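If you want the building blocks of each chain, they are given just below.
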Amino acid sequence: MTSGEPLAPEREPTLTIAQVAERTGLTHDTLRYYEKAGLIERVGRTVGNQRRYAAADLAWLEFLLRLRETGMPIADMQRFARLRARGDTTVGDRLAMLRAHRAELADHIRALRRNAAALDDKIDHYERLLEQRQPGTEERE
C-alpha cells in the first residue's frame, strides 16, 4: 500500500492517521513529515484522500522508531529507507548500515554504563557525607 492510490474496498484493514499516532506515539505532523522526508513511502488513501496505513506501514514505523530511539540520525534513516525502497538488491548495504549502527550503539551503551558507575560512586560519596553529619553519628571529643 505504498502507491498513494485510493484503496479498493476489499483491501486489508487499514488504520487512520489518528490510530497510527495513538499506537506509535508520533504526532499527526510527525507522520506527515516522515512521509514528506521519504522515511515512509506515500501511504494509501481513501477516495476522500485520507491516509490509511496498512499493518506493514505500522511495522516499518515501529522499526524507524527503534532506529530513532537508538540515536540513528535522520539522514541515515532516510538513506536506509531509500535502500529499502530499492528492494532486495540493497540487502547487503542495509545490513552493513545496521551493523555499523549497532556497533555505535554498543559503544554508547558502554559509555553510559561507565557514566552510570561514576554517578553511583558520587551518590555513594554524598550519602556517606550525609550519614556522617547526622546528629548522633558524629564523634565528640
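What you are looking at is a predicted structure, and each value in this text was computed from that prediction instead of being measured. (Residues numbered from 1 in each chain as written. Predicted model: local features only at pLDDT ≥ 70, side-chain atom pairs only at ≥ 80, totals over all residues. Heavy atoms only, no water.)

### Thoughts on the overall build of the protein chain
So, point 1. In terms of helices and strands, the protein chain carries five helices and two strands.
So, point 2. Along its sequence from the N terminus, the protein chain presents helices and strands in the succession α-α-β-β-α-α-α.
So, point 3. Scored against the burial criterion, the 141 residues of the protein chain give a buried share of 29%.
So, point 4. Of the contacts made within the protein chain by residues no fewer than 6 positions apart, 54% connect residues no fewer than 24 positions apart.
So, point 5. Total accessible area on the protein chain stands at roughly 10100 Å², and carbon and sulfur atoms take up 50% of it. (Helix = DSSP H or I, 4+ residues; strand = E, 2+ residues; numbered from the N terminus. Buried < 20%, exposed > 50% of the residue type's maximum accessible area, 1.4 Å probe, protein only. Contact = heavy atoms within 4.5 Å. Areas by Shrake-Rupley, 256 points an atom, 1.4 Å probe, with all protein chains shown as cover.)

### Considering helix H4 (residues 74–86)
So, point 1. The terminal C-alpha atoms of H4 lie 18 Å apart, and with 13 residues this matches the ideal 18 Å at 1.5 Å per residue to within 8%.
So, point 2. Among the residues of H4, Met77, Gln78, Phe80, Ala81 and Leu83 are the ones counted as buried.
So, point 3. Structurally, H4 contributes buried residues whose contacts are with helix H3 (55–69) and helix H5 (91–133).
So, point 4. Phi turns positive one or two residues past the end of H4, at Gly87, with a value near 100°. (Expected span 1.5 Å × (residues − 1).)

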